[in-house]
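Single-letter residue listing:
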Amino acid sequence: MCGIVGYIGKKEKKKLILEGLGELEYRGYDSAGIAVMKDGKIDAFKATGKLSNLKEKTKNFTSNGEGIAIGHTRWATHGKPTEINAHPHFGKHSYIVHNGIIENYREIKEMLTKKGVVFLSQTDTEVVVYLFEHNLENSKNAFEAFEKTVISLKGAYAILLITTIEPNSIFFAKNAAPLIIGKNSDEVFFGSSDAPLIGHVKEVCYLEDGQYGILDKNEIKLYLNAKKVLPIFKDLPQDRSFAQKEGFRFFMEKEIYEQSSVLGETLMGRIKDNEISLEEIDEHLLDGINAVKICACGTSYHAGLTAGYLFERFAKIRTDVVIASEFRYKDPLLTKDTLFIVISQSGETADTLEALKIAKNAGLKTLAICNVDNSSIVRLADTTILTRAGIEKGVASTKAFATQVATLWLLSIFIAQKRKTADKKSLKLEIDTLLKIPTSLHVDNAVHEKIKRLSKRYLHGHGFFFIGRDIFYPLALEGALKLKEISYLHAEGYPAGEMKHGPIALVDSKLFTVALLPKTMLYDKTKSNIEELSARDATILVISPEQFELADDFIKTKNSSHAMNEFFEMMIILQLLALEIAVRLGNDVDMPRNLAKSVTVE
Ligand code: M6R
């Protein structure tokens, strides 16, 4: 998804901005650009493809000394990923970078076209810079023109605008897309996330929706609804260790291996005296609650589906799980006895954020399960449980999923405790198993080596089925999503019992089936479903603690008495399988095509 970096100060601006954009690279983008203003003159460069192309274009450009710079990585929404559509967009005197979507851009474009403006790009962003310059004609000053512009915009935006009319300042605005200001005594930074600011500033101000303003080296003028407000600065954690791959080939691989230790973080301090203790939850949160609705997208949705089984089975609470983009427009019936839970790694996913707003407006109690503190979702939800996965750089989510499932499992036990729906013995069993989960998430080198070897047999064929039952069904969905995201092979997840209702028609020897066959859950039923596929000559990879004679390939898991142990062990196998197939296909595992780490547009 798009990324923004901005700077005012004396340092080499080109270098700073390119480094900052590099920190945002993992979010996914297809073009990039930079504009530097010095002594009232603006130089701008854009390039499609990777940042290295922009670096090459700017290699002879230097930008030392007092000045201003803005930079952007674009993930195409309106118009193709061409150089013309890349940001910054410009008018006569001004340049702009923007994340988000301007919903009323067509009306604005029509109005400006009638006044003689000729647009170069197909983007929604270009209208903003021209609208600003149009407003300049009948405003007292540039700030008034900017304010009028921001007021006319509908949609989601994080905007930085520079203009030769006001050569020492950056204009900024934020609504439903993240924007952060960092400040030192003689320089100012902007970022669309923390990452580009770490190491440069110690304190940051996370702008709120609707805020806009103007800032120079000495002063931040911040407004909300035309009233001046005080910027609130917070400490910025300075941990940069996430940036290194620590000997692994890819961030995704490192993150798979990290799952054991981050799960330890997820649980830390949350199990006391054989009870789940979630200090972030108000003791009255569950008062009057008879149902749960979970909303999320992608991998987070799969974690939500898993929670659906855990909540109903263990906490005995009616649970409904909905994809956020579907929830938004279905005119959902919401009742105040429902606890509304959103799950998001980034905390910035537009659909999930909007679903949360709908629930809040309907007066529901809201709870976020999120990995990024201070993200938009965290700031909006009544209560948050942080998953503590650390920064996840691989676009294909791995450790975020593991920590989401563990957090939701914790929560299911917590709800069971509060609602007294489980006896002491079963509560103790859950907690004891939970405590051992970090150990069972160690990657077994022998298994990884086996998957590396196996992967060469799964590169061709016309598709993959991932099948499982109960909580292994959402895990099958997640396995299929991982594979398609990074290998670009067609893969679908199905409940194993659903095959005969249609999908089995696709089965032949070139259809690969990855079957999750846990011993602790519906073993015989799932086995019969696999046999049905084997009878139709499917090529089958079985993952199970029990040898399965009809399997073409087999990965043995440990014997365990608890389904969640089997769940997490199989999760790692699916992640490694996707990784190794993608590696063999020569794909960019950390930055797969067409994908963005944080989906801040609808
Ligand atoms: O940041 P979120 O968890 O809200 O993101 C939701 C999805 O966009 C995300 O899980 C996506 O499916 C990942 N690429 C999965 O690997």
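Cut-off values and rules
- Residues numbered from 1 in each chain as written.
- Predicted model: local features only at pLDDT ≥ 70, side-chain atom pairs only at ≥ 80, totals over all residues.
- Heavy atoms only, no water.
- Phe/Tyr/Trp six-rings, centres within 6.5 Å; stacked < 30°, edge-to-face > 60°.
- Helix = DSSP H or I, 4+ residues; strand = E, 2+ residues; numbered from the N terminus.
- Buried < 20%, exposed > 50% of the residue type's maximum accessible area, 1.4 Å probe, protein only.
- Lys NZ or Arg CZ within 6 Å of the ring centre and 35° of its normal.
- Pairing = 2+ DSSP bridges.
- Core = buried A, V, L, I, M, F, W, Y, C linked by side-chain atoms within 4.5 Å.
- Domains from an automatic or database assignment.
- Contact = heavy atoms within 4.5 Å.
- Near = heavy atom within 4 Å.
- Polar contact = N/O pair within 3.5 Å; in protein donor to acceptor, adjacent residues only side chain to side chain.
- Nonpolar A, V, L, I, M, F, W, Y, C, P; charged D, E, K, R; others polar.
- Salt bridge = Lys/Arg side-chain N within 4 Å of Asp/Glu carboxyl O.
- Axes fitted to C-alpha atoms, helices over the stretch in contact; angles between N-to-C directions.

This paragraph deals with the packing of aromatic side chains. Under the defined criterion, the tally for this structure stands at 22 aromatic pairs. Between Phe132 and Phe171 the ring centres are 5.9 Å apart and the planes differ by 50 degrees, which places this aromatic pair in the tilted class. Taken together, the positions of Phe132 in helix α4 (residues 126–136) and Phe171 in strand β8 (residues 170–175) put the pair 39 residues apart, joining distant regions of the chain. Just as Phe132 is buried, Phe171 falls in that class too. Directly above the aromatic system of Tyr488 lies the positively charged group of Arg593, at a separation of 3.9 Å from the ring centroid.

All right, on to the sheet that holds strand β9 (residues 180–184) then. The strand order across the open sheet formed by eight strands is β3-β2-β4-β1-β10-β9-β11-β15, and the pairing between neighbours is antiparallel. Where the open sheet ends on each side, the last strands, each with one partner, are β3 (41–48) and β15 (234–235). As paired strands, strand β1 (residues 3–9) and strand β10 (residues 187–191) are joined by four bridges and run antiparallel to one another. Counted as the bridge partner of Tyr7 is Phe189 from β10.

Here the focus is the nonpolar core. Among the nonpolar cores identified, the biggest contains 91 residues, and Phe311, Ile341, Leu411, Phe464 and Phe568 are the most heavily contacted of them. If one sorts the elements of this core by residue count, helix α17 (residues 563–584) sits on top with 15 residues. In terms of domain composition, this core takes at least three residues from each of domain 2 (251–440) and domain 3 (445–584). Not counting chain neighbours up to four residues away, the residues in contact with Phe464 comprise Tyr458, Leu483, Leu489, His490, Ala491, Glu492, Leu511, Phe512, Val514 and Ile581. With 28 residues, the next largest nonpolar core counts Val117, Val129, Ile159 and Tyr212 among its residues.

Of all residues adjacent to the ligand, which total 15 residues, the nearest are Ser300, Ser344, Ser346, Thr349 and Glu485. The backbone of Thr299 places a nitrogen or oxygen atom 3.1 Å from an oxygen atom of the ligand. In the environment of the ligand, a nitrogen atom lies 2.5 Å from a nitrogen or oxygen atom belonging to the side chain of Glu485. Secondary structure elements with two or more residues in the shell around the ligand: α8 (298–315) and α15 (472–487). Split into classes, the residues belonging to the shell around the ligand amount to five nonpolar, eight polar and two charged. Counting residues domain by domain, the shell around the ligand receives three or more from each of domain 2 (251–440) and domain 3 (445–584).

Within the fold, His87 resides in the loop between β4 (67–74) and β5 (89–90). By relative accessible area, which is 3% here, His87 ends up buried. Here the side chain of His87 touches His72 through a polar contact of 3.4 Å, side chain to side chain. If we ignore the near neighbours within four places in the chain, the residues touching His87 are Ala32, Gly33, Ile34, Lys46, His72, Arg74, Ile96, Val97, His98 and Thr125.

Glancing now at the pattern of salt bridges. When charged atoms on two side chains of opposite charge get close, those side chains can pair. Here the structure, examined in full by the defined rule, presents 30 salt bridges. Glu258 serves as the salt-bridge partner of Lys254, at 3.0 Å between the closest nitrogen and oxygen. The class of Glu258 is buried, set by a relative accessible area of 16%. Each of the salt bridges in this network shares a partner with another, and the network as a whole consists of Lys174, Asp209, Glu354 and Lys357.

The next point concerns the sheet that holds strand β19 (residues 318–323). As summarised here, the arrangement of the five strands in space is β19-β18-β20-β21-β22, forming an open sheet in which the pairing is parallel. Each edge of the open sheet carries a strand with a single partner, namely β19 and β22 (383–386). For this sheet, the mean inter-axis angle between neighbouring strands, taken without regard to orientation, is 20 degrees. Here strand β20 (residues 338–344) runs beside strand β21 (residues 365–370); their pairing, made up of six bridges, is parallel. The partner of Phe340 across the bridge, within β21, is Thr366. Along the sheet, α8 makes contact with β18 (291–296), β19 and β20, crossing β19 at roughly 170 degrees.

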